[in-house]
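# Fold and contact review
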Amino acid sequence: MSQSAPQEGQLVARSEAREPLNSPDGDRRKACCSRCPVCTPCCMIVTGLLLLAALIATIVALANHGGGSKEPDAPLHCSMDNCAEVYLPEEAKSCTEAMCRKCEDDYDQHSDACIYRCSADQRTSGCSPLGCSADGTCSSCVPGFTVRKANASLRGLSSACTKAAEPVKMNFLMYRAQNDDNYSPGNTVLASPAGVMWYLHNQVVGSCLGGSRRFGITRVLRYNVTVHNPPAVFAKIRGQFGHFVDFQWGQCKNPDCDRWWNEFGYAVGCQNQYSYRYKEATYYSLPGSCPSKDLSSKSDSCNLLQPGGFCSHPDGTGNCTWSAELAGNVSVDELSGIQD
């Protein structure tokens, strides 16, 4: 029985219903899968791999370009309190890297900040150099002074300093020029910043015997010192510090040392070094154990009989007047710029 034309026409119709093979890639994949049901899983795997590759390429592009197209960073404009000229390194990413090249008038640079320069009235009242404010007040005082309410002479503002009317505990920094040996500051002389500079310029830097500086001085040590002298000192001297004594090789060289220890306890003493170039140069004496003997003659029994004033928490008793904690050092070569 011969086939009829309609059956042949139906075949032609089914052929025309198939998706064209020259369609875009997505249509081509659909056409492939629709013509070949057996190959559908294979086609799905290929499609998934192509999508995964496209996703990876997108992620890489975002990583390389910081999330796609981005406007260039605007130039940083930084300011610092009381700074007239701010410097910002070219590679700086934020204003936290800014530095001050020049402070405003009446301000001095200290570390990374501009600090108000104390007025004559503030210095006279006992304000510490780093504790003065432009409004005439003080946030901290030099040793032996305490913060008080301001009076009319200081513009009637919140606070200033006044000389303490009783023994007080004082905490401040002291300095010592020393060789490379490490030992306690007890039975030695320490100094203020101006005091240690005066000593270096007058006794150390200008002398070079045998290829080394005098006494083998190589560095300046900084100590965080707490002082609380006994009430007998204030009652006699009307001040916070006792008699200054000179120590040589750990031994007190003043003839009245023993009498002073017995009368006032092992008090920390001070002495001003009057200098045109180094104003406020001050020396401090810190009596340690067995101050009556030099280093080679000290003994356990002497240490027991003459305990000195060192303790962990000074309280103003005769043998608990000072403590000291090392707080850094700088080499004399670096400080002076002389390397040989």
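In this text the structure is predicted, and so the values were computed from the model without any measurement.

Cut-off values and rules
- Residues numbered from 1 in each chain as written.
- Predicted model: local features only at pLDDT ≥ 70, side-chain atom pairs only at ≥ 80, totals over all residues.
- Heavy atoms only, no water.
- Disulfide = S-S within 2.5 Å.
- Helix = DSSP H or I, 4+ residues; strand = E, 2+ residues; numbered from the N terminus.
- pLDDT = per-residue confidence, 0-100.
- Contact = heavy atoms within 4.5 Å.
- Phe/Tyr/Trp six-rings, centres within 6.5 Å; stacked < 30°, edge-to-face > 60°.
- Buried < 20%, exposed > 50% of the residue type's maximum accessible area, 1.4 Å probe, protein only.
- Patch = residues over 30% accessible without salt bridge, like charges linked within 9 Å, V, L, I, M, F, W, Y side chains within 5 Å.
- Areas by Shrake-Rupley, 256 points an atom, 1.4 Å probe, with all protein chains shown as cover.
- Salt bridge = Lys/Arg side-chain N within 4 Å of Asp/Glu carboxyl O.
- Core = buried A, V, L, I, M, F, W, Y, C linked by side-chain atoms within 4.5 Å.

## Focus: the state of the cysteines
- Counting across every chain of the model gives 9 disulfides.
- Each sulfur in the disulfide pair Cys78 and Cys95 lies 2.0 Å from the other. Its S-S torsion of approximately -85° makes the covalent link between Cys78 and Cys95 left-handed. A residue pair is termed long-range when its members are at least 10 positions apart, and Cys78 in the loop between helix H3 (40-64) and strand S1 (83-87) and Cys95 in the loop between S1 and strand S2 (99-103) qualify at 17 residues.
- The disulfide that involves Cys252 links it to Cys257, with 1.5 Å between the sulfurs.

## A closer look at the confidence of the model for the protein
- Here the protein averages 81 in pLDDT, while 77% of its residues score no lower than 70.
- Low pLDDT, under 50, characterises residues 151-157; the stretch is placed with 13 contacts to residues that sit more than four places away or in other chains.

## Description of the environment of Val205
- One can find Val205 in the loop between helix H5 (193-204) and strand S9 (208-209).
- Each C-alpha atom of the pair Val205 and Ser336 lies 8.0 Å from the other, and the pair is 131 residues apart in sequence.

## Quick look at the packing of aromatic side chains
- By the definition in use, this model includes 8 aromatic pairs.
- Note on Phe172 and Phe241: the rings are 6.4 Å apart at their centroids and 80° apart in plane angle, and the pair reads as edge-to-face. Separated by 69 residues along the polypeptide, Phe172 in strand S7 (residues 170-178) and Phe241 in the loop between helix H6 (231-237) and strand S12 (247-248) bring together distant segments of the chain.
- Its relative accessible area of 11% is what places Phe172 among the buried residues.

## Some words on a nonpolar patch on the surface
- On the surface, a nonpolar cluster with roughly 670 Å² of combined accessible area is contributed by Ile45, Leu49, Leu52, Leu55, Ile56, Ile59 and Val60.
- Locating Ile45 in the fold gives a position in helix H3.
- The exposed category is assigned to Ile45, whose relative accessible area is 54%.

## Observations regarding the pattern of salt bridges
- Counted according to the given criterion, the structure contains 5 salt bridges.
- Taking the shortest distance from any N to any O, the salt bridge between Arg117 and Asp106 comes out at 3.9 Å. With a gap of 11 residues between them, Arg117 in the loop between strand S4 (113-116) and helix H4 (120-125) and Asp106 in the loop between S2 and strand S3 (107-110) connect regions that are remote in the sequence.
- We classify Asp106 as partly exposed; its relative accessible area is 44%.
- Across the pair Asp256 and Arg259 runs a salt bridge whose closest N-O atoms are separated by 3.7 Å.
- Relative accessible area serves as the criterion here: at 31%, Asp256 is assigned to the partly exposed category.
- Residue class for Arg259 comes out partly exposed when judged on its relative accessible area of 46%.
- Salt bridges sharing common partners tie together Asp106, Asp108 and Arg117.

## Quick notes on the nonpolar core
- One finds Val196, Leu200, Ile217, Val245, Cys252 and Trp261 to be the most contacted residues of the largest nonpolar core, which totals 22 residues.
- Contributing elements (two or more residues each) for this core: S7, strand S8 (188-191), H5 and helix H7 (257-264).
- Ranked by residues supplied to this core, first place goes to H7 with 4 residues.
- In this structure, Leu200 is in contact with Ala177, Val205, Ile217, Val220, Val332 and Leu335, ignoring residues within four places of it in sequence.
- Listed in part, the 15 residues of the second largest apolar core include Val168, Phe172, Tyr223 and Phe241.

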